[in-house]
Amino acid sequence: MSFLFGKSKNNEKLTNNDCKDAEIGSFQPENPFSNITILPAFKSTVTQIYVFKSKKKFAVGDENGTLSVWDSKLGTKIIEIKFHNQAINSITELNLVEKNFLVASSNDKSMTIWDACSFKLIAKTNVGPKIYKIFEANQINGFFFAASSDIKIFDHSLNVLDQFPRENRDETIRLMMPIDGTKIVLATNTDIEFYALFCFDKIDLIVRKIRIKQLKIHKNCHSDTISCLDFLKDNLFASGSSNGAIYIWQADAMQK
């Protein structure tokens, strides 16, 4: 089911014909076999949307710092959490062997971890004086990345496992992508950087200790702002910039 985020007082289900005159953008695929649900109005601009790995729920963060969780099938709100007092800038999911957590970061320079079933607050921390965005560690359970001008690695209790100051602290990290659990690739404005991950003390697929080391920096490899990173296959990934340029990289060789 598809969802539109709009200023509607109640849930509405629209058929494909009903949506022909709706301004939903040319990117919206026409699908006669599915309905589109317009969710109830939000009190402020939606800043983040995260779909859980199970696809059964998704989380929404807004400009006021409110975090809400929705049922993907029914389009109904499961819970609304009012904790942060500035915009939610990133949301991700943290998976352990038997438990899942929802992690949120805000422009109020704080991060919170919530139980993904009960939505009780598990941990909170102030990461100031800088604003951090969080990134998922896809292939490795038990921790996540937080980035600003430097990199930090947190576990599910918000303990810092490792941090790396980076050579050029003036360039804020815009995007980050783990590759095969052994490397991470990050993008600043026009640079691509490679880092190695060293995992220790792994018990039941949970990494207890981790270290990060810088490998290589490609400065100004794009002539405009890097807007996306995407893993392809066979250790290949792509980087795209605002001027339409797309480069294919070899993660092993760390070269285009």
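Refer to the preceding data block for the structure.
Rules behind the numbers
Residues numbered from 1 in each chain as written. Predicted model: local features only at pLDDT ≥ 70, side-chain atom pairs only at ≥ 80, totals over all residues. Heavy atoms only, no water. Helix = DSSP H or I, 4+ residues; strand = E, 2+ residues; numbered from the N terminus. Contact = heavy atoms within 4.5 Å. Areas by Shrake-Rupley, 256 points an atom, 1.4 Å probe, with all protein chains shown as cover. Pairing = 2+ DSSP bridges. Axes fitted to C-alpha atoms, helices over the stretch in contact; angles between N-to-C directions. Core = buried A, V, L, I, M, F, W, Y, C linked by side-chain atoms within 4.5 Å. Buried < 20%, exposed > 50% of the residue type's maximum accessible area, 1.4 Å probe, protein only. Polar contact = N/O pair within 3.5 Å; in protein donor to acceptor, adjacent residues only side chain to side chain. 1 Å grid on protein atoms, 1.4 Å probe; cavity = no way out; pocket = protein on both sides within 12 Å on 5 of 7 lines; lining within 4 Å. Points joined across faces, edges and corners; volume = space filled by probe spheres on them. Nonpolar A, V, L, I, M, F, W, Y, C, P; charged D, E, K, R; others polar. Salt bridge = Lys/Arg side-chain N within 4 Å of Asp/Glu carboxyl O.

1. Re the overall build of the protein chain
Scanning the protein chain from terminus to terminus reveals zero helices and 22 strands. Of the contacts formed within the protein chain by residues at least 6 apart in sequence, a portion of 43% connects residues at least 24 apart. Per element, the accessible surface of the protein chain, about 13600 Å² overall, is 48% carbon and sulfur.

2. Structural notes on the sheet that holds strand S13 (residues 143-147)
Sheet architecture is open: four strands sit in the order S12-S13-S14-S15, paired in antiparallel fashion. With one partner strand each, in any of the chains shown, strand S12 (133-136) and strand S15 (160-164) form the two edges of the open sheet. In this sheet, neighbouring strand axes are inclined to one another by 25 degrees on average, regardless of whether the strands run parallel or antiparallel. Relative to strand S14 (residues 151-155), S13 runs antiparallel, the two sharing five bridges. Of the residues in S14, the one forming a bridge with Ala147 is Ile151.

3. Some remarks on the nonpolar core
If you look at the biggest cluster of nonpolar residues, it comprises 17 residues, and the most contacted ones within it are Phe145, Ile151, Ile153, Met176 and Ile212. At the level of elements, S13, S14, S15, strand S17 (183-187), strand S18 (192-203) and strand S19 (206-218) are the ones that each hand at least two residues to this core. Here this core gets three residues from one element, more than from any other, and that element is S13. Core analysis: the next-biggest nonpolar cluster, separate from the first, contains 14 residues, Leu94, Val127, Ala146 and Phe154 among them.

4. Structural notes on the side chain of Ser239
As for its position among the elements, Ser239 is in strand S21 (residues 236-241). For Ser239, a relative accessible area of 1% gives the class buried. Within the local environment of Ser239, its side chain forms a polar contact with the side chain of His222, the two groups lying 2.8 Å apart. The contact partners of Ser239, leaving out residues within four places of it in the chain, are Ile192, His222, Cys228, Leu229, Ala245, Ile246, Tyr247 and Trp249.

5. Quick look at unusual backbone geometry
Omega for the peptide link from Gly128 to Pro129 comes to 10 degrees, which places this bond in the cis form. Turning to its location among the elements, Pro129 is positioned in the loop between strand S11 (121-126) and S12. The residue Lys55 is not glycine, and still its phi comes out positive at about 70 degrees. Of note, Lys55 is situated in the loop between strand S4 (46-51) and strand S5 (57-62). Lys55 gets classed as exposed once you look at its relative accessible area, which sits at 57%. In the Ramachandran plot, Lys109 falls in the positive-phi region, its phi being about 70 degrees despite a non-glycine side chain. Within the secondary structure layout, Lys109 lies in the loop between strand S9 (100-106) and strand S10 (110-115).

6. A word on the sheet that holds strand S8 (residues 88-95)
As summarised here, the arrangement of the four strands in space is S8-S9-S10-S11, forming an open sheet in which the pairing is antiparallel. Bordering the open sheet on either side are S8 and S11, each of which pairs with just one other strand. Across this sheet, the average inter-strand angle for adjacent strands is 15 degrees, counted without regard to direction.

7. Thoughts on the environment of Asn189
Tracing the chain through its elements places Asn189 in the loop between S17 and S18. Judged by its relative accessible area of 31%, Asn189 is partly exposed. Between the alpha carbons of Asn189 and Thr172 there is a distance of 7.5 Å; along the sequence they are 17 residues apart. If sequence neighbours within four positions are ignored, Asn189 has contacts with Glu171, Arg174, Asp224, Thr225 and Ile226. At 3.0 Å, the side chain of Asn189 forms a polar contact with the side chain of Thr225.

8. A few points about the layout of surface pockets
If you add up the space inside the largest pocket, you get close to 450 Å³. Every residue lining the largest pocket is counted, 20 residues in all, and those nearest its centre are Ile134, Phe135, Glu136, Leu175 and Met176. Within the residue set of the lining of the largest pocket, elements represented by two or more residues are S4, S8, S12, strand S16 (175-179) and strand S20 (226-231). A breakdown of the residues in the lining of the largest pocket according to their chemical character gives 11 nonpolar, five polar and four charged.

9. Concerning the pattern of salt bridges
In this structure the tally under the stated criterion is seven salt bridges. Between Lys53 and Glu136 there is a salt bridge, and its shortest N-O distance comes to 2.3 Å. Within this pair, whereas Lys53 is found in the loop between S4 and S5, its partner Glu136 is found in strand S12, the two being separated by 83 residues in sequence. Taking relative accessible area as the criterion, Lys53 reaches 40% and is therefore assigned partly exposed. One salt bridge in this structure joins Lys99 and Asp115, with 3.4 Å as the shortest N-O distance.

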